[in-house]
Amino acid sequence: MRRNIISILFATVLVTPGVQYVLAESVAVVGNSIFILDNSVDGSQIIVKNITNSSKNLCLTNAGLSNLGLSANTSATDIVIKNGTAVITTYNNTTSPATDVTLVDLTSCPITDTVDLSECYATIDGDKLIIPCLQYGGDLLSVVLKERGSSSNFELESYKPGKGHGHGSDD
């Protein structure tokens, strides 16, 4: 009986609207910055911290963008960062539709990733050009190009995600 009561209580807490975002603030990590949604202040806000030492970064505060300006019944629930913009899902317990989004420009924040390419190099082995570490967009690839005839023109033979450090490497 006691087990059933605990199960019912736990299920009620999970399905009660708005409880999910009270349990934990939503967080996004991009580059060397941590973006935290904070609903403890009126209008909700984004707090930015440095990942290396967790010190507060004032990039949004100085730009006047840290406070989201949400209404009293609206809370920020989730944050996703894409192309220099924070896409924040909001929940309002009194309006329909209850969910919406707010966009925040993050160009004032350091959100670029620094990739260590110190071990990247390319070699030609016979008729193959091997590039064990190629940054393409946000991905690192290991690429093998094969020479077409004896023209010094190369075409893609194969690639795999991740950075390999040797020609026979599978890492």
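Cut-off values and rules
Residues numbered from 1 in each chain as written. Predicted model: local features only at pLDDT ≥ 70, side-chain atom pairs only at ≥ 80, totals over all residues. Heavy atoms only, no water. Pairing = 2+ DSSP bridges. Helix = DSSP H or I, 4+ residues; strand = E, 2+ residues; numbered from the N terminus. Axes fitted to C-alpha atoms, helices over the stretch in contact; angles between N-to-C directions. Salt bridge = Lys/Arg side-chain N within 4 Å of Asp/Glu carboxyl O. Disulfide = S-S within 2.5 Å. Buried < 20%, exposed > 50% of the residue type's maximum accessible area, 1.4 Å probe, protein only. pLDDT = per-residue confidence, 0-100. Contact = heavy atoms within 4.5 Å. Core = buried A, V, L, I, M, F, W, Y, C linked by side-chain atoms within 4.5 Å.

Visitor: I tried to follow the sheet that holds strand β11 (residues 154-161) on my own but got confused; where do I start?
Guide: To summarise the sheet geometry, strands pair through backbone hydrogen bonds and adopt either a parallel or an antiparallel arrangement. In spatial order, the strands read β8-β9-β10-β11; together these 4 strands make up an open sheet with antiparallel pairing. Across the chains shown, the open sheet's two edge strands, defined by having one partner strand only, are β8 (123-125) and β11. Each neighbouring strand pair of the sheet contributes to a mean axis angle of 30°, computed without reference to strand direction.

Visitor: What is the right way to read the pattern of salt bridges from this model?
Guide: Side chains that differ in sign of charge can pair as their charged atoms come close. Applying the stated criterion across every chain yields a total of 3 salt bridges. Here Glu157 makes a salt bridge to Lys128, at a shortest N to O gap of 3.0 Å. Residue Glu157 is located in strand β11, and its partner Lys128 is located in strand β9 (residues 128-136); the two are separated by 29 residues in the primary sequence. Close ionic contact of Glu155 with Arg148 constitutes a salt bridge, the shortest N to O distance being 3.8 Å.

Visitor: Hey, could you run me through the state of the cysteines in this one?
Guide: The term disulfide refers to a covalent linkage connecting the sulfur atoms of a pair of cysteines. This structure, assessed with the given rule, holds 1 disulfide. Between the sulfur of Cys59 and that of Cys109 lies a disulfide, 2.0 Å long from S to S. Across the S-S bond linking Cys59 and Cys109, the dihedral sits near 80°, which makes this disulfide right-handed. In this pair, Cys59 is assigned in helix α3 (residues 59-62) and Cys109 in the loop between β7 (99-105) and β8, connecting sequence segments 50 residues apart. By relative accessible area, which is 9% here, Cys59 ends up buried.

Visitor: Which parts of the structure should I look at to understand the sheet that holds strand β6 (residues 85-92)?
Guide: Spatially, β5-β6-β7 is the arrangement adopted by the 3 strands of the open sheet, whose pairing is antiparallel. Each edge of the open sheet is held by one strand with a lone partner, namely β5 (74-82) and β7. Pairwise comparison of adjacent strand axes, ignoring direction, gives a mean angle of 25° for this sheet. Inspection of the sheet shows β5 paired to β6 by 8 bridges, in the antiparallel sense. Each bridged residue has a counterpart across the sheet, and for Ile79 the counterpart in β6 is Ile88.

Visitor: Would you take a moment to explain the confidence of the model for the protein chain for this structure?
Guide: Atom-level detail of predicted coordinates should not be read off regions where pLDDT is low. Of the residues in the protein chain, 74% reach a pLDDT of 70 or more, and the chain-wide mean stands at 78. Low pLDDT, under 50, characterises residues 164-171; the predicted model gives this stretch 15 contacts beyond four residues in sequence or across chains.

Visitor: I would appreciate a short explanation of the nonpolar core in the present structure.
Guide: Taken as a class, soluble globular proteins show a tendency for nonpolar side chains to be buried jointly. Counting residues in hydrophobic clusters, the biggest one holds 19 residues, and the most contacted among them are Phe35, Ile46, Ile79 and Ile88. Looking at this core, the elements that each hand over two or more residues are β1 (27-30), β2 (33-38), β3 (45-50), α3, β5 and β6. At 3 residues, the largest contribution of residues to this core is made by β5. Apart from residues lying up to four places away in sequence, Phe35 is in contact with Ser26, Val27, Ala28, Val30, Ile46, Ile47, Val48, Ile79, Ile81, Leu106, Cys109 and Ile111. If you look at the next biggest cluster of nonpolar residues, it comprises 5 residues, including Leu129, Ile131, Leu141 and Val143.

Visitor: Just to check I follow, could you spell out the environment of Thr85 for this structure?
Guide: Mapping Thr85 onto the fold places it in strand β6. Separated by 20 residues in sequence, Thr85 and Asp105 have C-alpha atoms that sit 4.8 Å apart. The residues contacting Thr85, other than those within four sequence positions of it, are Val80, Leu103, Val104 and Leu106.

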